[in-house]
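# Survey of secondary and tertiary structure
For reference, the chains in residue letters:
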Amino acid sequence: MTDPTMCVSRRDFARFSLAASAAMLVGGKTARAAAPTGEPIRIGVLHSLSGTMAISETTLKDVILMLVDLQNKKGGVGGRPLEAVVVDPASNWPLYTEKARQLLAVDKVAAVFGCWTSVSRKAVLPVFEELNGILFYPVQYEGQECSRNVFYMGAAPNQQAIPAVDYLLGEDGGSARRFALIGTDYVYPRTTNQILQAYLKQKGIADADVMVSYMPFGQSDWQTTVSQIKAFGSAGKKTAVISTINGDANVPFYKELGAQGIAATDIPVMAFSVGEEELAGMDTKPLVGQLAAWNYFESIDTPTNKAFINAWHTFTKSPTRVTNDPMEAHYIGFNLWVQAVEKAGTTDHDKVIAAMVGLKQPNLTGGIAEVLPNHHITKPVYIGEIQDDGQFNVVWQTPKEIPGQAWSPYVPETRNLTGDWRAPISCGNYDTVKKACLGTRHA
């Protein structure tokens, strides 16, 4: 009997396999399921589509719309269609609070996917706890928080910042002994740098060998700061920059590095908030070799990632739209939420929250994300070098996924804290020495 696959060219077979993988991105089958019916399940999309953070957040709105579209083609959730309610908080932190309340109290959404900066997350947190909503947060952050109503899909410091510093301290990363911590002036850079300063001290780095500088959101003039970095790096010790600059301020920062002739071979910059989307708006040739630490890069070669990229290009009707780490975090979070709703048999917030812990979802890089009792997930860590095409070449990675830590062991006030939202502890800041819950304090 003739094998029917022998009648298909290798190229056509590959195309079919990729399309099949893309169709199964959210756990479905290649054949279109019966159309969902009944009252739509609403989910909120809380991302800035204007202002300084639009450069990063617009794409996250688009990926949620893609995931909703794919899920509806599979038959929705529990046979009901999904409907995305999109709002624009316009990079205005008080407006995030207003829009979050609208989504939960007026639009009655089952879950919200949103925020980028920690100041926006901190702004909406009281609303989610007051109204018992569910927020899926897709971006790396500073830790020192563990809310029952938030699922942290991005990296905690031990899943990005600490491994990045270890790389720079090590031989592969250039054996740096001086560090310039440069960030945007808000909670994420300041808290992350507090943790990193304590960690660097433990590693034998003197206070005099650590420079810290903050600039406001949307900063366009980096000449003075870059000159200070250049002078700081001229002391005879290998110097590296840790960048927690967020939003569109990254464009003039990197431009100024090039203007002052700072190459990666001289003073490498390790970025925590620059990915493929941000590089798409820059001339990357002067940036070749500069570094970023993430849990995902578009260039990682796995069948699932290829299928995701293909689905993204199809949905956006643009073969040049890039993918990035927070998009993968939304992909993971969205699919975990779908699993939790199906497991609970309802969109009831309390039951969905309870169903989340222990769920597992394949990530796009070949591993598994698992929801931990502290509402963080397991994630791999990658260090990538910027290439002249705006992509990253992975130069280092962890051998396996790392469980996210809500509380830093390097900060004396939090080293004994853990989060565990399972009964009987049911606490986000449980003191393992005092054997007591510290209540509603988040940091």
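To start, this report covers the structure provided alongside it. These numbers come from a predicted model, not from an experiment. (Residues numbered from 1 in each chain as written. Predicted model: local features only at pLDDT ≥ 70, side-chain atom pairs only at ≥ 80, totals over all residues. Heavy atoms only, no water.)

### Considerations on the overall build of the protein chain
Quick note on the threshold: Here a strand is any run of E in DSSP of at least two residues, a helix any run of H or I of at least four, and the numbering for each starts at the N terminus. Radius of gyration means the value over C-alpha atoms here, while the globule rule gives 2.2 Å times the residue count to the 0.38 power. A simple rule labels every residue: compare its accessible area, found with a 1.4 Å probe on the protein chains alone, to the largest value its type can have, and call it buried under 20%, exposed over 50%, or partly exposed in between. In this analysis, two residues are considered to be in contact whenever any of their non-hydrogen atoms come within 4.5 Å of each other. For the charge count, each Lys or Arg is scored as positive and each Asp or Glu as negative, with His and the chain ends excluded. Charge positions come from single atoms, namely NZ of Lys, CZ of Arg, CG of Asp or CD of Glu.
The helix and strand tally for the protein chain stands at twelve helices and 19 strands. Scaling as 2.2 N^0.38, a compact globule of 443 residues should have a C-alpha radius of gyration of about 22 Å, and the protein chain matches this with 22 Å. Its C-alpha atoms give the protein chain principal-axis dimensions of roughly 70 × 60 × 40 Å. The 443 residues of the protein chain split such that 56% are buried. Residue pairs at least 24 apart in sequence account for 67% of intrachain contacts in the protein chain once pairs closer than 6 positions are excluded. Taken together, the 39 basic and 43 acidic charged side chains of the protein chain have centroids lying 4 Å from each other.

### Observations regarding the pattern of salt bridges
So the rule is basically this: Criterion for a salt bridge: a side-chain nitrogen of Lys or Arg within 4 Å of a carboxyl oxygen of Asp or Glu.
Throughout the structure, instances matching the rule amount to 16 salt bridges. Asp209 serves as the salt-bridge partner of Arg178, at 2.8 Å between the closest nitrogen and oxygen. With Arg178 in strand β6 (residues 178–184) and Asp209 in the loop between α6 (187–202) and β7 (210–215), this residue pair connects regions lying 31 residues apart in the sequence. With respect to class, Arg178 is no different from Asp209; both count as buried. Asp185 serves as the salt-bridge partner of Arg190, at 2.7 Å between the closest nitrogen and oxygen. Given a relative accessible area of 39%, Asp185 falls into the partly exposed group. Each member of the salt-bridge network shares a partner with another, and the members are Arg121, Lys122, Glu142 and Glu145.

### Quick notes on the environment of Ile205
Tracing the sequence through the fold places Ile205 in the loop between α6 and β7. What makes Ile205 buried here is its relative accessible area of 5%. The contact partners of Ile205, leaving out residues within four places of it in the chain, are Leu169, Arg177, Phe179, Leu200 and Val210.

### Some words on the state of the cysteines
What counts is decided by this rule: Here, two cysteine sulfur atoms that lie within 2.5 Å of each other are counted as a disulfide.
Scanning the entire structure with this criterion turns up one disulfide. Between the sulfur atoms of Cys427 and its disulfide mate Cys437 the distance is 2.1 Å. Since a negative S-S torsion denotes a left-handed disulfide, the Cys427-Cys437 link at about 85° is right-handed. In this pair, Cys427 is assigned in strand β18 (residues 427–431) and Cys437 in strand β19 (residues 436–437), connecting sequence segments ten residues apart. For Cys437, a relative accessible area of 41% translates into the label partly exposed.

### Description of the packing of aromatic side chains
A ring pair, where both rings are aromatic, is described by two values, the distance of the centres and the angle of the planes. To be explicit about the condition: A pair of Phe, Tyr and Trp rings is counted when the ring centres sit within 6.5 Å of each other, with Trp represented by its six-membered ring. The angle between the planes then sorts it: under 30 degrees is stacked, over 60 is edge-to-face, the rest tilted. Criterion for a charge above a ring: Lys NZ or Arg CZ within 6 Å of the ring centre, and within 35 degrees of the ring normal.
Per the stated rule, a full pass over the model turns up 17 aromatic pairs. With centroids separated by 6.4 Å and ring planes inclined at 90°, the aromatic side chains of Phe113 and Trp337 adopt a geometry described as edge-to-face. Highlighted residues: Phe113 in strand β3 (residues 111–114) and Trp337 in helix α11 (residues 325–344), separated in sequence by 224 residues. An identical accessibility class is assigned to Phe113 and Trp337; each is buried. One aromatic cluster in this structure is built from Trp93, Tyr96, Tyr186, Tyr188 and Phe217. Its guanidinium or amino end placed over the ring of Tyr137, Arg121 lies 4.8 Å from that ring's centre, counting from NZ or CZ. The lysine or arginine in question, Arg178, covers the ring of Phe232, its NZ or CZ lying 3.9 Å from the ring centre.

### Let's talk about the sheet that holds β19
Paired through their backbone hydrogen bonds, the strands of a sheet run either parallel or antiparallel. Going by this rule: Pairing between strands is defined by DSSP: at least two bridges between them are needed.
Taken in spatial order, the three strands of this open sheet run β17-β18-β19, and their pairing is antiparallel. Strands with a single pairing partner mark the edges of an open sheet, and in this sheet they are β17 (417–420) and β19. Summarising the sheet, β17 and β18 pair through three bridges and their orientation is antiparallel. Residue pairing for β18: Thr418 is matched across the bridge by Tyr430.

### Describing the side chain of Asp62
The test is simple: Pairing of N or O atoms within 3.5 Å defines a polar contact, subject to two protein rules: one partner must be a possible hydrogen donor and the other a possible acceptor, and residues neighboring in sequence count only if both atoms are side-chain atoms.
As for its position among the elements, Asp62 is in helix α2 (residues 54–73). A relative accessible area of 13% places Asp62 in the buried class. At 2.7 Å, the side chain of Asp62 and the side chain of Lys61 are in polar contact.

### Digging into the sheet that holds strand β1 (residues 41–46)
Where we set the bar: Where helices are involved, their axes are fitted lines through C-alpha atoms of the stretch in contact, as for all axes, and angles between N-to-C directions lie from 0 to 180°.
With parallel pairing, five strands are arranged side by side in an open sheet as β2-β1-β3-β4-β5. Across the chains shown, the open sheet's two edge strands, defined by having one partner strand only, are β2 (82–87) and β5 (150–152). Each neighbouring strand pair of the sheet contributes to a mean axis angle of 25°, computed without reference to strand direction. Pairing of strand β4 (residues 135–137) with β5, which is carried by three bridges, proceeds in the parallel orientation. Its bridge partner lying in β5, Leu135 is registered against Val150. Together, β1, β2 and β3 form the strand contacts of helix α3 (residues 93–106), whose direction differs from that of β1 by roughly 175°.

### Examining the environment of Cys146
For Cys146, the position within the fold is in the loop between β4 and β5. Accessibility expressed as a relative area gives 2% for Cys146, which makes it buried. Sequence separation between Cys146 and Asp420 is 274 residues; the distance between their C-alpha atoms is 8.8 Å.

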